[in-house]
Amino acid sequence: MQILASKFIYSKDKGNLKEVLLPFKDLPIQLAFFQRRDFSEAEHDLIKEICKSLNIEIPTVHAPIIDVFDPDFLKVIESIKKIYQIKIISIHPQRGEIESALAKLREYSSIIESLNLILAYENFGSSVAKRKWINSPYQMYLKFDLPFLKITFDTSHLDSPSDCIEEFDRVSDKVETIHLSDRTLKRQHLPLGEGLLPYKEFLNHLKEKEFGGFLVLEYLDEFQDRLIEDLKRVSSFLL
Ligand SMILES: [Zn+2]
């Protein structure tokens, strides 16, 4: 298991990249983009250069909002691959119909496989089911029958975070990445211990099961200091 911090880079960070990345010195990150613009306007060479100089490893990337129905889908995932040389991309399912999404992915399968990419789709709660072609972890588990289709298991997006261990165990052999954060009924992506997630039990469970993927701490930006502290605590607990 590799333990990472999630770090979003926004268009507004232009000209300020060194400053926004400095707190992550010596830590591995999942580099994340939110809007398409955040990715297309990003100064990727500079991001890579700064990360290198700060000893920030980028072993996985979180794609901006893009999915199979978008005409630029392949172009975007291919450029993520080319720029960052990673294998696993976390990606959000968007609006659409499940069978046509899977048909598109089948159509693209030889290209995605030749890029040596894994698409780890992120689960979402049932409240947004109408806005996603797929959302629950177990539905992904049942439907993902292509070798490059895997899961980003997000604990804040579970309907019932108290059942995280059972939910995880139902799908664990297709989970490449975990997005770990706490949630209350109202707010998601809170620091561990601030909500309903039995995170100590969950971390113990991951340790016992020898989870081999990425464990990414993903908090709201306002909790960045807590995220870095917790990353160190979680790492010393698990490793
Ligand atoms: Zn997430």
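In case you missed it, the structure is sitting above this.
Undergrad: For the overall build of the chain, give the residues involved together with the corresponding values.
TA: Secondary structure assignment for the chain yields 10 helices and 8 strands. Relative to the globule expectation of 18 Å for 239 residues, the C-alpha radius of gyration of the chain, 17 Å, shows essentially globular dimensions.

Undergrad: I'd like a rundown of unusual backbone geometry, residues and numbers included.
TA: Here the phi dihedral of N116 falls at roughly 55 degrees; this positive angle occurs in a residue that is not glycine. Taking the C-beta count within 10 Å as the criterion, N116 has 11 such neighbours and is therefore assigned exposed. The backbone of E210 shows a phi angle near 55 degrees, a positive value even though the residue is not glycine. Structurally, the position occupied by E210 is in the loop between α9 (199-209) and β8 (214-217). Given 7 C-beta atoms within 10 Å, E210 falls into the exposed group.

Undergrad: Got a sec to walk through the sheet that holds strand β4 (residues 88-91)? Specific residues and values, please.
TA: With parallel pairing, 8 strands are arranged side by side around a closed barrel as β1-β2-β3-β4-β5-β6-β7-β8. Direction aside, the axes of adjacent strands within the sheet are offset by 30 degrees on average. Seen against the sheet, helix α10 (residues 224-238) touches β1 (2-8) and β8 and runs at an angle of roughly 165 degrees to β1.

Undergrad: Break down the pairing of strand β5 (residues 118-122) for me, citing the residues and quoting the values.
TA: Extensive coverage of β5 is indicated by the burial of 5 of its 5 residues. Residue alternation in β5 divides its side chains into two sets, I118, A120 and E122 and L119 and Y121, and both sets are buried. Where β4 and β5 come together, 4 bridges link them in parallel fashion. Its bridge partner lying in β5, I91 is registered against Y121. Of the strand pairs in this sheet, β5 and strand β6 (residues 149-154) are connected by 4 bridges, and their pairing is parallel. Bridged to L119 within β6 is L149. In the classification by handedness, the crossover that spans β5, the intervening helix α7 (residues 137-143) and the parallel β6 is right-handed.

The rules behind each value
- Residues numbered from 1 in each chain as written.
- Predicted model: local features only at pLDDT ≥ 70, side-chain atom pairs only at ≥ 80, totals over all residues.
- Helix = DSSP H or I, 4+ residues; strand = E, 2+ residues; numbered from the N terminus.
- Rg over C-alpha atoms; globule rule 2.2 N^0.38 Å.
- Buried ≥ 20, exposed ≤ 12 C-beta atoms within 10 Å, placed from the backbone.
- Pairing = 2+ DSSP bridges.
- Axes fitted to C-alpha atoms, helices over the stretch in contact; angles between N-to-C directions.
- Contact = placed C-beta atoms within 7 Å.
- Right-handed = clockwise from strand over helix to strand, strands pointing away.

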